[in-house]
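Summary of structural features
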Amino acid sequence: MLRVFFLSCILLGFSSYTEPKAGMIPDGTYNVQLDAAYAETGPAHFRLHLKGDTVTMELADQTHTYPLKWIDADSFIIMGYTQPAEPTALEQEMLRGYTPSFNITSTSQGTFRFIFGDQHQADCIYSGSLVPFP
């Protein structure tokens, strides 16, 4: 009887485990292709090089390396880009209710659809796709 109880506990423990819908983006280089609605207002010539806990961002004519912080398997923050690396008290207060991040919504054939904005709010800053760069 005790064995049945322990087996039941183990099965119940594993039954609550679910796979994340998109999973973490593997290390590599990705071109950022914004959706048409944001092509004029969003950043142009945007490329990300992901490697471990860092991301090198090519934005227009500039290249910067930032720490990468995963919120969960589908959302990440680029410290210094999506949020100030060392926020002032005023910036901390402003960001208390709003955390802009890259939120992966789906993946298909190595391309990741994302929304950039707060993961808990419906509106976004911009959206698009991360397309693997050969």
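As a reminder, the structure under discussion sits directly above these lines.
Presented here is an overview of the structure given in this document. (Residues numbered from 1 in each chain as written. Predicted model: local features only at pLDDT ≥ 70, side-chain atom pairs only at ≥ 80, totals over all residues. Heavy atoms only, no water.)

Within the largest apolar cluster, 21 residues are counted, with the highest numbers of intra-cluster contacts made by Ile25, Leu48, Phe76, Ile78, Phe102, Phe114 and Leu130. Put simply, the parts of the chain that give this core at least two residues each are strand 1 (28–34), strand 2 (46–51), strand 3 (54–59), strand 4 (62–72), strand 5 (75–78), strand 6 (100–108), strand 7 (111–118) and strand 8 (126–132). Phe76 has contacts with Ile25, Leu68, Lys69, Trp70, Ile71, Ser101, Phe102 and Ile104, leaving out every residue within four places of it along the chain. (Core = buried A, V, L, I, M, F, W, Y, C linked by side-chain atoms within 4.5 Å. Buried < 20%, exposed > 50% of the residue type's maximum accessible area, 1.4 Å probe, protein only. Helix = DSSP H or I, 4+ residues; strand = E, 2+ residues; numbered from the N terminus. Contact = heavy atoms within 4.5 Å.)

Attention shifts here to the pattern of salt bridges. For the coordinates displayed, the defined rule picks out two salt bridges. Between Arg113 and Asp35 there is a salt bridge, with the nearest N and O atoms lying 2.9 Å from each other. Separated by 78 residues along the polypeptide, Arg113 in strand 7 and Asp35 in the loop between strand 1 and strand 2 bring together distant segments of the chain. Here Arg113 falls in the partly exposed class, since its relative accessible area comes to 30%. By relative accessible area, which is 22% here, Asp35 ends up partly exposed. Among the ionic pairs, Arg47 bridges to Glu58, the shortest N-O distance being 3.9 Å. Taken as a pair, Arg47 in strand 2 and Glu58 in strand 3 lie far apart in primary sequence, eleven residues in all. (Salt bridge = Lys/Arg side-chain N within 4 Å of Asp/Glu carboxyl O.)

Let us now look at the environment of Ser127. Topologically, Ser127 is positioned in strand 8. In this structure Ser127 comes out as buried when scored by relative accessible area, which is 8%. Taking C-alpha positions, Ser127 is 8.6 Å from Gln33, a pair spaced 94 residues apart along the chain. At 2.6 Å, the side chain of Ser127 and the side chain of Asp35 are in polar contact. (Polar contact = N/O pair within 3.5 Å; in protein donor to acceptor, adjacent residues only side chain to side chain.)

Scanning all chains against the criterion turns up nine aromatic pairs. Relative to Phe114, the ring of Phe102 has its centre 5.4 Å away and its plane inclined at 55 degrees; by these criteria the two rings are tilted. With Phe102 in strand 6 and Phe114 in strand 7, the pair connects residues that are twelve residues apart, well separated along the chain. By relative accessible area, Phe102 is classed as buried at 0%. Centre to centre, the rings of Phe114 and Tyr126 are 6.3 Å apart; their planes meet at 85 degrees, and the pair counts as edge-to-face. On the criterion of sequence distance, the pair formed by Phe114 in strand 7 and Tyr126 in strand 8 is long-range, its members being twelve residues apart. When sorted by exposure, Phe114 lands in the same class as Tyr126, which is buried. (Phe/Tyr/Trp six-rings, centres within 6.5 Å; stacked < 30°, edge-to-face > 60°.)

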